[in-house]
Amino acid sequence: MEKEEKKFVNKAEEDEMEIYGYDLCRWKLVLVTVGVICSGGFLLLLLYWMPQWRVKATCKRTVLKDCEVVLLRTTDEFKIWFCAKVRIMPSLGANPLQNPNPIVHKVSNGHAVHFCESAAEENKNDLKKYLPSEEVLSSASLISMLPLQIRYFTHHSVKYFWNDSVQSFDVVRGLDESTFCSSIHNKHSTGLTKGMHDYRKAFYGVNEIAVKVPSIFKLLIKEVLNPFYIFQLFSVILWITDEYHYYALAIVIMSVISIASSLYTIRKQYVMLHDMVAAHSIVRVSVCRGNQEIEEILSTDLVPGDIMLIPSNGTIMPCDAVLLSGTCIVNESMLTGESVPVTKINLPNPSEYPKAVGDEIYSPEVHKRHTLFCGTNVIQTRFYTGELVKALVVRTGFSTAKGQLVRSILYPKPTDFKLYRDAYLFLLSLVVVAGIGFLYTVVNSILNEVPAHTIVIESLDIITITVPPALPAAMTAGIVYAQRRLKKIGIFCISPQRINICGQLNLVCFDKTGTLTEDGLDLWGIQRVENARFLLPEERACSESLLKSEFVACMATCHSLTKIEGVLSGDPLDLKMFEAIGWILEEATEEETALHNRIMPTVVRPSKQLFPESKQAANQEMELFELSTSYEIGIVRQFPFSSVLQRMCVIARVLGEKRMDAYMKGAPEVIASLCKQETVPVDFECVLEEYTKQGFRVIALAHRKLESKLTWHKVQTINRDAIESNMDFMGLIIMQNKLKQETPAVLEDLHKANIRTVMVTGDNMLTAISVARDCGMILPQDKVIIAEALPPKDGQAARINWHYADTLAKCTSSSPAINSEDIPVKLVHESLEDLQMTKYHFAMNGKSFAVILEHFQDLVPKLVLHGTVFARMAPDQKTQLVEALQNVDYYVGMCGDGANDCGALKRAHGGISLSELEASVASPFTSRTPSISCVPKLIREGRAALITSFCVFKFMALYSIIQYISVTLLYSILSNLGDFQFLFIDLAIILVVVFTMSLNPAWKELVARRPPSGLISGPLLCSVLSQIIICLAFQTFGFFWVKQQSWYEPWTTESDACNVLDATNTSFAHRGNETLHDEHYIKNYENTTLFFISSFQYLIVAIVFSKGKPFRQPCYKNFLFVISVIVLYVFIFFIMLHPVESVDTFLELVCVPYEWRLRILIIVILNAIVSVLTEEAVDRRGVCFLSSLFGCREKTPKAKYMHLAQELLVDPEWPPKPRTTTEAKVPSQENGSYQIITVT
């Protein structure tokens, strides 16, 4: 077969994969079958664990077009393999969005199209027969009837169909890509015929986000086939063969409990996700068919192209759909985290706008104001003159926004963390050690002429000793305890493995509004403009003189508020603005909108209390009432707020007036650019800058009197651009967004801990910089460099203009939130960039960030290294920023209120949502209290869990090595540890110690030092190796010293090393088990000596490794651990110094002289002293010692951001000088790099 070029699916997307085609090979299959039988099924397990081996071992490579099996590999850093079976589906066409090809030769020309539809009807049963069972097509008669056989496979709940045009498999897209807005109205607005609907359903399948809860049996098989449990099964079989029944039983019980708890947890998570997704997922919906008939179907039968009728009383959307007619009020909390009702309006038809610049491609993200997303709650609808509220289905099932969210939960990306990678390397090294022991045991046993079956059992037994079966359970204990502690302080976790990663966070991104600052805005005041001059600021907007002013009229009408069950709802800013003027909003009732045409307006009017108090009689009061009701403003047309345009606009008419008015509000810079320049005050920029520097949120208002020729009907079809121009600038609304009380203190804690803080907000840049200074994110003496990037235009290359923001004079005099002297200077490599970072910060907006990402790739690492304020950032840009920070090796945390932060929360190493709503399902952590105080708490718990993992891993490694040393030494005299000795060590000592040493709570404050990120680090390796050497030395010393004793002789049942009285008592006990002990030779002086020394060694290393400060509370505060260790120490001391006959018999110990018991005690005390002193020395001098040992004096930092910080310290061109420009030249053909020129 010729080598086929490398093919990809989901090209250039997040889940991009390489794809290879294979055909089943019979002779390979026979060989594998023989191999499976010969290996006793082990080969089958190996192929189950390694899908790429499974495919390559049973199949042969072939072209992708004709393959039977596909092999997929992710292109990310994980390179994970998947395989899927290619299936064949009978179909009348290859593209579901095009009409199926009519089979002309079988019918007359006049009925060709009709046959196509009826064929779909006739073959509906055949399609159903083949599709659900997903079996390969084999019926020759059906092939002759249906000329097309569509090849497809399913991966992660998504179907990939063969696409001839790209010569690869591809996802079948809905109407959310490559469909023009005009096409949606003109081509897709009539609905589908029954035949076309069935044809499309064959491709798109059932419209449901199916989270199947696996059966207990399936989960059990999957869990049991885990390599760890297979290894345990192998160990148990081995121990039973060697007659270690009790220990084998104990391990079986532990494994059953572990599997049962694991199954319970996994199934519970599946059930929770299933219940969350299944709620309201299947509803009855009405759809319009091509012949204008209305049919009621189940939502599971919807396909892209169906026209769905939205009921007036609302519904839960079962799909993504674009609104064609009417308006809807929707609660999108499931997606955004904000339970603020959003008004959705119908998608404008470009063909209705004569002045429209051009048609555009529909996109759910760009046109989200017109899109109803799956899972969102339509609260109510509004329609006019009997016209139904219709929506065109654009995406179904897992393709919807909700489906993609559920897929990201069902199939999460693996957690890439150095600890887990190092853990596997460490286990591998233990396997190597086990291999050495295995060879030693085999050779030693052969030399001593041990029977073959004993050699096999003992040599394999050394492997089970070296790799401890309880390791995974021990490793997760610390995480489980940390999760419980987090739950107690109101932080919920859906991804426990992330807790460890949070211990490594060295940068945290914060959203501003609702996170660093209060959620709500307060109206500070207004500043009106008259005759192109600013008047003095006014505190209240509801004064008598302003009642009928255009300024107040703009505040009363220019919003997206609506009434839901009599309560005013909408954007918090709009609510505050409307409440400040004290007006009343009245909406047309359902009956009125049904009777009138679509221009039936929402009416606003001032409340009676706003009119001047009357001193006249009651009849005068009636006149006042008439006056208040006579002044009303109707909102005729609304152009909703757009984050892209940064403004909203309404057309309104005062009752009795002939001409209409246009009112606009939005970002001051944008509004001023759309106004007549003669109406904008000369000092506009200075006034705006003054407010934004003080941290105020500023909104500008504008007004325009529309021409009298514009009738109500014309207004409904007029283009937005025609209205939003030549406006009169009216002034500013100043909103105050106060810092949360705890914000400065929390940021101070993070800065002291050398954790960088970054602000990512959708707000104005100067406001964001001001808030950053107020909360201490930017210190008073620091410079702020604004990067203003401009895209290529009119033949000019992309450029960045560098401006230095003025440092506020008041900041230098007033005491800042953080004193720079309080920030500790670190003496390690990490300090280099921190020292530099205190001098300058970059700030930029979303537009500049997008240009820099596209045209200045080389500058991105430098900018994110010192970037502190990112303003006007769109949701996807927040995610891109997190990725850019991760690319320079930062461990990134993200804290947001859930609104627009979902992507960034998912992408960050530790995302914490301050929203309790369903959007928090996208975030690994959710805080019950909407305060950033949860961030240092989470990092502290993460650090504690990480150190606990290190402690447990080190302890388990030492436990296996100590036991390995004991067994290896005993093997040299053809002895071993007894069954109950193993049982006592593994259950009474190890399990108790492991599960109690993990209980240390987190240290009470964050420190500047960070825990190591991996096990393969100097201090950790030095600590483990030194303790191994100490344990080896003392055990070996005890083993050989006992042989030097005057009373020593190779032990037999007649041996008597104790005094006569003790010997008489013990000899009877020994004789009772003579046969048993003669066989295994468990009872001897070496065994007893090593048992006591090793038992104490387990407890010594447990105490040595139970580190407290600076990441965990001291171990003496862990009462359960302290009590457990004391009880075990007392018990072992007691049975060693005062032997109890029944205990000695149970543990198969022999009687040794009291003098030797005291010498063992001396060995143990010396061992403890040496271990503790060595660990202290390693903690203090370990790094220096290793550096001098390996001669690495000047070590380059591993993290990219540290390396970059060192380079920038000596770069004379960085940071850029004030008022300079950096240009990017178009990349040359030879290489793709951009040439950067700095122009002064």
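Report on the accompanying structure. Being a predicted model, the structure only gives us computed values, none of them experimental.

### Things to note about helix H10 (residues 227–241)
An ideal rise of 1.5 Å per residue puts 21 Å on 15 residues; H10 measures up with 21 Å between its terminal C-alpha atoms. When H10 is considered as a whole, its buried residues turn out to be Phe228, Tyr229, Ile230, Phe231, Gln232, Ser235, Val236, Leu238 and Trp239. With its phi angle positive at about 65°, Glu243 sits one or two positions after the end of H10.

### Some words on the sheet that holds strand S22 (residues 522–530)
If you trace the nine strands from one edge of the open sheet to the other, you get S23-S22-S32-S31-S30-S29-S28-S27-S26, paired in antiparallel fashion. Two strands in the sheet have a free side with no partner beyond their single neighbour: strand S23 (533–534) and strand S26 (583–586). Examined bridge by bridge, S22 and S23 share two bridges and lie antiparallel to one another. In the strand pairing of S23, Glu530 is matched with Arg533.

### Here's the deal with the sheet that holds strand S9 (residues 168–171)
Taken together, the four strands give an open sheet; going across it, the order is S6-S7-S8-S9, and neighbouring strands pair in antiparallel fashion. With partners counted over all chains shown, the strands left at the sheet margins are strand S6 (87–91) and S9, one partner each. Strand-to-strand, the axes of this sheet are offset by a mean angle of 40°, without reference to chain direction. Relative to strand S7 (residues 148–155), S6 is paired through five bridges, and the arrangement is antiparallel. The partner of Ser91 across the bridge, within S7, is Leu148. Here helix H8 (residues 194–204) sits on the sheet and contacts S6, S7 and strand S8 (158–163); the angle it forms with S6, its principal contact strand, is near 175°.

### Section: unusual backbone geometry
In this chain, Trp1214 is followed by Pro1215 through a cis amide linkage whose omega measures 0°. Mapped onto the fold, Pro1215 is located in the loop between helix H44 (1200–1209) and strand S41 (1220–1224). Although it is not a glycine, Ser157 sits at a positive phi angle of roughly 70°. Looking at where Ser157 falls in the secondary structure, it is placed in the loop between S7 and S8. Assessed through its relative accessible area of 28%, Ser157 is described here as partly exposed. Even without a glycine there, the phi angle at Leu974 is positive, about 60°. Residue position: Leu974 is located in the loop between helix H35 (934–971) and helix H36 (979–997). According to the relative accessible area criterion, Leu974 is partly exposed, its value standing at 34%.

Cut-offs used in this document
Residue indices follow the written sequence of each chain, beginning from 1 at its first position. In keeping with the model being predicted, local features are shown solely for residues with a pLDDT of at least 70 and side-chain atom pairs are shown and tallied solely at 80 or more, while totals for entire chains, interfaces and linings include all residues. Computation of side-chain values covers all heavy atoms of the structure but excludes hydrogens and water. Each helix is a run of DSSP H or I of at least 4 residues and each strand a run of E of at least 2, with the numbering of both proceeding from the N terminus. One less than the residue count of a helix, multiplied by 1.5 Å, gives the span that helix is expected to have. Burial classes follow relative accessibility: with a 1.4 Å probe on protein chains only, a residue under 20% of its type's maximum area counts as buried, one over 50% as exposed, and anything between as partly exposed. Two strands pair if DSSP finds at least two bridges between them. Lines are fitted to the C-alpha atoms to define the axes, a helix being fitted only along its stretch in contact, and any angle between axes, read from their N-to-C directions, falls within 0 to 180 degrees. The contact definition used throughout considers only heavy atoms, calling two residues in contact when any of these lie within 4.5 Å.

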